[in-house]
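Fold and contact review
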Amino acid sequence: MAGHIKKIPIEDLTPGMYVEDVFSRDDVLLLSADSIIESEERIATLRRQGVASLYINTRKGKDVPQKLGDRVDSSLLREVEYYKELNKAREVRRKTVETAKDVLDSIRRGHPFSVSKVEEAAQEIVESIVRNPDALNSLCQIKGYDEYTYTHSVNVSVLSTSLAYSLGYNHEQLLQVGVGGVLHDIGKMRVPEAILNKPGKYADWEFNIMKKHPEYGLEIVSEKKNITEFSKAIIIQHHERYNGKGYPRGLSGAQIAEIGLIGAVADVYDALTSNRVYRAAWTPQKALALIFQGCDEDYSREIVERFTKQMGIYPVGSFVRLVSGEMGVVTRVDRGNLLFPRVMILFDASGKRLELPVEFDLAEMQKKDGDKRTLIDVSLNPAAFRVDVARYIDDKSPS
Ligand SMILES: [Fe+2]
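Here the structure is a predicted model, which is why all the values come from computation and not from measurement.

**Some words on the overall build of the protein chain**
- Along the backbone of the protein chain there are 15 helices and 9 strands.
- Compactness check: the protein chain gives a C-alpha radius of gyration of 22 Å against a globular reference of 21 Å for 399 residues, within 12% of the reference.
- With respect to the principal axes defined by its C-alpha atoms, the protein chain has extents near 70 × 60 × 40 Å.
- Taken across its 399 residues, the protein chain has 39% of its residues classed as buried.
- Across the protein chain, contacts joining residues at least 24 apart in sequence account for 65% of those joining residues at least 6 apart.

What follows is the structure in structure tokens.
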């Protein structure tokens, strides 16, 4: 049997898996499902119907998580996988930022652009996320000063794709999310640069032009046959708001596609945590707190909650102070242990900058001696301490 078709017990079934065939307890084929499992309710129904095992297709949907054997070995294995992926993710990111630059610059000049290049970029993003979403996600915290438009396009693509992945979207859908993410702001290439890069507040007439960028974007891609409705939904809906107060169409609630709701959260998070001409980057916590306040008003609560889980309470790149007084940059988040990430300590308890940073694995320290000093006390603004967090997120992989 092909490696991507697996027989699993119903106990291992989770939303996001693609089911091909369903068997009863006595191994009789109940049905050929050929569908993605969308919810826990669907699993409960299958259980009630007496389903014992199923064939899943791991190319079309999620795989079974690796069984944890010896605890130390498995955590080491995850670590190696993360760092191995970080190297690949760095290359994926470099290439996709290049692609975004090519595409956006072509549109700005009124030249044709290649959809297949964007599809290749999306393909690489999806593959990296499926291997290990944490690697590419953490690189989203590296923000360039000059290349905002390009890095923002890639970051929205990465954050939307991994959110869609955690919601169980299949491979084809993930590709379309990736494409839509890279292209979500292409309409801005028709907005005069003087407005786009204006440092101060917009006058009403300027904002009215800015608000047209989703429509412009849709116009630009409408000539391309291979851009799907799914990708277009991100372009046209990423500024719609749950309460109907967004733009360009003022859609609300269920009128907005789920992928539009995802795009909105990914877009605003990356915009807030980036340096802009008119303000310095917000910390991840400040951005998450603002987004959370907008639940049910601006954003879908379900999507925001999922996003917070994905990013962690102290996302990679956060600058934090421990109860002990030591301060440093969060370099790694374990989804199962959000309160105890890894922190590269840069300042000692008296606030003196260390000559050589030391990395603390708060979870390990907590496990060993229950050391309360390893608790994170507060998240701070790194700029106030002249800390460039990007330095500690990247280039950490063992050589
Ligand atoms: Fe936008």
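**As for the domain arrangement of the protein chain**
- Per the domain assignment, the segments making up the protein chain are domain 1 (5–57), domain 2 (74–311) and domain 3 (319–393).
- Distance between the C-alpha centres of domain 1 and domain 2: 33 Å.

**A closer look at the confidence of the model for the protein chain**
- Confidence in the prediction of the protein chain, expressed as mean pLDDT, is 86, and 91% of residues score 70 or more.
- Counting contacts from residues 67–76, a segment whose pLDDT is below 50, to residues more than four positions away or on other chains yields 2 contacts.

**Observations concerning the packing of helix α3 (residues 115–131) against helix α5 (residues 148–166)**
- Two numbers describe how α3 lies on α5: the axes approach to 10 Å, and their chain directions differ by 50 degrees. The orientation of α3 with respect to α5, classified from their angle, is oblique. Considering how the two elements wind past one another, α3 and α5 form a crossing that is right-handed. Contacts between α3 and α5 involve A122, I125, V126, I129 and V130 from the former and S157, V158, T161, S162 and Y165 from the latter.
- Here the residues of the contact of α3 with α5 are counted per class, giving 7 nonpolar, 3 polar and no charged.

**Digging into the environment of L346**
- With respect to the helices and strands, L346 occurs in strand β7 (residues 342–347).
- For the pair L346 and D134, spaced 212 residues apart in sequence, the C-alpha separation works out to 23 Å.
- Apart from residues no more than four positions distant in its own chain, L346 is found in contact with M327, G328, V329, R353, L354, P357 and V387.

**A closer look at the sheet that holds strand β6 (residues 327–332)**
- Spatial strand order, β8-β7-β6-β5-β9: 5 strands in an open sheet with antiparallel pairing. Among the strands making up the open sheet, the edge pair consists of β8 (353–361) and β9 (376–380). Across the sheet, the mean angle from the axis of one strand to that of its neighbour is 35 degrees, orientation sign disregarded.
- By the bridge criterion, 3 bridges tie strand β5 (residues 319–322) to β6 in an arrangement that is antiparallel. Bridge pairing in β6 places R321 opposite M327.

**Some thoughts on the pairing of β5**
- Linking two consecutive strands that pair antiparallel, namely β5 and β6, is a turn of 4 residues; a positive phi of about 105 degrees is found at G325 within it.
- Looking at chain direction, β5 and β9 are connected through 4 bridges and run antiparallel. Bridge assignment links R321 to a residue of β9, and that residue is V378.

**Things to note about helix α11 (residues 258–272)**
- Here α11 contains 15 residues, and its C-alpha end-to-end distance of 22 Å stays within 8% of the 21 Å for a straight helix at 1.5 Å per residue.
- Within α11, 12 of the 15 residues are buried, leaving the element largely enclosed by the surrounding structure.
- When α11 is considered as a whole, its buried residues turn out to be I259, G260, L261, I262, G263, A264, V265, A266, D267, V268, Y269 and D270.
- Here the buried face of α11 lies against α5, α6 (171–183), α10 (229–237), α12 (284–293) and α13 (301–311).

**Looking at unusual backbone geometry**
- P248 follows Y247 through a cis peptide bond whose omega is 5 degrees.
- Within the fold, P248 resides in the loop between α10 and α11.
- Of note, D296 is a non-glycine position whose phi angle comes to about 70 degrees, a positive value.
- One can find D296 in the loop between α12 and α13.

**Some thoughts on the environment of F347**
- Structurally, the position occupied by F347 is in strand β7.
- Take F347: there are 18 C-beta atoms within 10 Å of it, and that puts it in the partly exposed class.
- Taking C-alpha positions, F347 is 5.1 Å from M327, a pair spaced 20 residues apart along the chain.
- Sequence-distant contacts of F347, that is, excluding residues within four places in its chain, are made with E326, M327, K352, R353 and L354.

**Here's the deal with the environment of D204**
- With respect to the secondary-structure elements, D204 resides in helix α8 (residues 204–210).
- Accessibility expressed as a C-beta count within 10 Å gives 6 for D204, which makes it exposed.
- Sequence separation between D204 and R301 is 97 residues, and the spatial gap between their C-alpha atoms is 30 Å.

Calculation criteria
- Residues numbered from 1 in each chain as written.
- Predicted model: local features only at pLDDT ≥ 70, side-chain atom pairs only at ≥ 80, totals over all residues.
- Helix = DSSP H or I, 4+ residues; strand = E, 2+ residues; numbered from the N terminus.
- Rg over C-alpha atoms; globule rule 2.2 N^0.38 Å.
- Buried ≥ 20, exposed ≤ 12 C-beta atoms within 10 Å, placed from the backbone.
- Contact = placed C-beta atoms within 7 Å.
- Domains from an automatic or database assignment.
- pLDDT = per-residue confidence, 0-100.
- Axes fitted to C-alpha atoms, helices over the stretch in contact; angles between N-to-C directions.
- Parallel < 35°, antiparallel > 145°, perpendicular 65-115°, else oblique.
- Left-handed = near helix turned anticlockwise from the far one by under 90°.
- Nonpolar A, V, L, I, M, F, W, Y, C, P; charged D, E, K, R; others polar.
- Pairing = 2+ DSSP bridges.
- Expected span 1.5 Å × (residues − 1).

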